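# Observations on the three-dimensional arrangement
This is what each chain is made of:
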Amino acid sequence: MLGKYDHRLWYYIGAGSEIYQQNKDFGFKMTFGGEGFAISYPLAKVFDSCIERYPHLYGSDSRIYTCLAELGVGLTSEPGFHQVGFKLSRHGPKPRLKRRRKRLPNLRLQPYHLQSAEDEGKLPLFGHYSPRDFVLSIQRPRSVVILVKAGAPVDQTIAALSDHMEPGDCIIDGGNEWYENTERRMQETAVEVTKDRNGTDQVLLRNPRGASARVSLHGGQVLSWRADRGEELLFTSSKAVFKPPYAVRGGIPICFPQFGQRGSLEQHGFARNRTWIIDENPPPLHPNDSDGKAYIDLLLKPSEDDLKIWPHSFEFRLRVYLTTDGNLSLISRIRNINCKPFSFSIAYHTYFSISDISEVRVEGLETLDYLDNLCQRERFTEQGDALTFESEVDRVYLGSRDVIAIFDHERKRTFFIRKEGLPDVGVWNPWEKKSKAIADFGDEEYKQMLCVNGAAVEKPITLKPGEEWTGRLELSVVPSMHQSTPPPSKTIDQYVVAPCIASTLASKLKNSFSSIVCNNQSVYISGKSRALIMYFLPRNWCEAMLKDLDDGHDKLTRKMQELNEECPTLFETIVDERDQYMSSTLLSVARKHNSVVAVVGRGHLPGIQKYWKQPVSINELMTIPPQKPALSTGKILASPGFAIAGVAIVWGIYLANKI
Ligand SMILES: O=P(O)(O)OC[C@H]1O[C@@H](O)[C@H](O)[C@@H](O)[C@@H]1O
């Protein structure tokens, strides 16, 4: 049924309720969760942030519908959609929730339910009296949809089923739950401590979109990072040894307090070979460093034996954090708790999983000096536009900028490495000959891995007694939109209501630049920033998009003029005031940074430029003017304000219809 729709476009597909009153009360253009509806993938992507803006609206149907209204997406009616759930209560008494000793809800399936299933079209309905039998009757990986009363019954049902479910299984709460309960449940499942097959503790982090990370307490090493579609993003060798005291060949070993062989310690220091503990009570970090719940704090302190080989007392706190976007963040805090200074070097030795080493390129290291470990650490300067691989590479690039990108053409994805406090970047691939010499590495595996490490190597970090150093690494992955043909040309009406372009760009840019100011309208990219954006995003995609925007520019200007002439107050409210606000916000950001890339609605550009030259007072803009004496209903109806509101609605519908 859905095959005929282009899943790359925004679609909200379904059918209204079969209950007339429901349609009458809520609208004939609304489809309900109970009936089931489909939202195309790109629309679902922009939905998340929108839904967060309406926590006060009760019921998922209302929140969904409000966002659709905000995004300007209408219902595509597909009469085949109807209630998926089988109404057990229709032909008999309501199923009762009976409390048993274990406080399990027990749905008592009666013969008339089975009869009713038969009558409704031979539905394959089977009854089970125990959660265990029910779970075991389903094929793995299991997906169980529950439709029980909101609140405690949902918790009890989840608990009852979870006892028998296995990793990879999934419970979907299909009821209309109060969002705070849903959020609480998501938090509860965000962090799980388990044991690996050697009995070593490991922590599983999950985010609500299905991304995950696994961190072993052996070495504080991240061993797995999976995107929301479940694909593994880190490489681990098939020959990796998971038994302490060896570091696992893969994931993200932490090299501390020494990188490589630049000191008296074993290669890459001892931290990756030690057992870390979970830090139950870490000193607080900045709230932005944990704005989700999927994180774990680990702690490493030196043992007596460690102090013999490296006589410096320290506390190494590591927070591994999975953001709501599925990015993996590692924040290290190293404190000197000794009475004398010490120096250390550090690297997050990240093994990225790639399609084929000859298909990837690394950008962000061009023109930098590097120390080549294959030539006795001799210093060279990178000459290429980007780093590609044809033989063994073992280098430390010095003083790099804070974002590095790894483009994997074949797998059509790009990793971004964002770092703070880590000026250097180690790049390593052993290639064919060396691979054969590494015991815990497959002969051919060099093709599927590339180490690109955020590091502080050339200039070791020195901490005085009591001092603390913080370093951050954030890894993200985005699909590279390399297309053989450019995206279909967009009409002006499509991109007037295309906040997705701006937010997609903004989220990509966030990985590359320090300051982004964006609103959720259409997109404009200023001349200067084009080069930068094309640099970080797939070129042909950007070029096609920029051309579309250029072609549409005149039409947009005309539309804006029309709007200004026909509805001047509306224009002032939705365009001019925003121009003032954006211009003033941009000015304040621009005062603090050398360069700012702003993603704003193209229609706002002339206004922003105007107020750039004549700055306005933001306080005035934000002050609500004193209330005018109340008007009677009759006056309101006759007032221009009401007429304009009417026009605004008509205008909105006009635009929506043109999509
Ligand atoms: O085998 P290890 O100790 O994990 O190190 C792997 C590689 O790590 C790199 O960072 C080093 O520069 C290489 O020389 C080394 O071979």
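A brief look at the structure comes next. Remember, predicted model here, so these are calculated numbers, not experimental data. (Residues numbered from 1 in each chain as written. Predicted model: local features only at pLDDT ≥ 70, side-chain atom pairs only at ≥ 80, totals over all residues. Heavy atoms only, no water.)

## Considerations on the sheet that holds strand β11 (residues 277–278)
Strand order in the open sheet made by the eight strands is β11-β12-β13-β14-β25-β22-β21-β17, with antiparallel pairing throughout. The sheet terminates laterally at β11 and β17 (360–363), the two strands that pair on one side only. Pairing geometry for β17 and strand β21 (residues 403–408), over four bridges, is antiparallel. Note that in β21 the partner of Glu363 across the bridge is Ala405. (Pairing = 2+ DSSP bridges. Helix = DSSP H or I, 4+ residues; strand = E, 2+ residues; numbered from the N terminus.)

## So, the sheet that holds strand β9 (residues 221–226)
Here we have four strands laid out as an open sheet, ordered β6-β7-β8-β9, and antiparallel in their pairing. Two strands lie at the open edges of the sheet, namely β6 (191–195) and β9, each paired on one side alone. Across the sheet, the mean angle from the axis of one strand to that of its neighbour is 20 degrees, orientation sign disregarded. The pairing of strand β8 (residues 212–216) with β9 spans five bridges and is antiparallel. In the sheet register, Ser216 faces β9, and the bridge partner there is Gln221. (Axes fitted to C-alpha atoms, helices over the stretch in contact; angles between N-to-C directions.)

## Structural notes on the pattern of salt bridges
What the rule picks out here adds up to 24 salt bridges. Of the charged contacts, one joins Asp155 and Arg184 as a salt bridge, the two residues approaching to 2.9 Å between their closest N and O atoms. In this pair, Asp155 is assigned in helix α6 (residues 152–162) and Arg184 in helix α7 (residues 179–188), connecting sequence segments 29 residues apart. When its relative accessible area of 24% is taken as the criterion, Asp155 is described as partly exposed. Judged by its relative accessible area of 29%, Arg184 is partly exposed. Of the charged contacts in the structure, one is a salt bridge between Asp201 and Lys195, with a shortest N-O distance of 2.7 Å. Look at Asp201 and you get partly exposed, because its relative accessible area is 26%. Connected through salt bridges with shared partners, the residues Asp279, Lys301, Glu315 and Arg317 form a single ionic network. (Salt bridge = Lys/Arg side-chain N within 4 Å of Asp/Glu carboxyl O. Buried < 20%, exposed > 50% of the residue type's maximum accessible area, 1.4 Å probe, protein only.)

## Concerning helix α15 (residues 605–613)
Of the positions making up α15, those classed as buried are Leu605, Gly607, Ile608 and Tyr611. Here the buried residues of α15 occupy an arc of 160 degrees about the axis, which is enough to place them on one side. Facing away from the buried side of α15, by more than 90 degrees, are the exposed residues Pro606 and Lys613. (Arc of directions from axis to C-beta.)

By themselves, these figures tell us nothing about what the structure is for.
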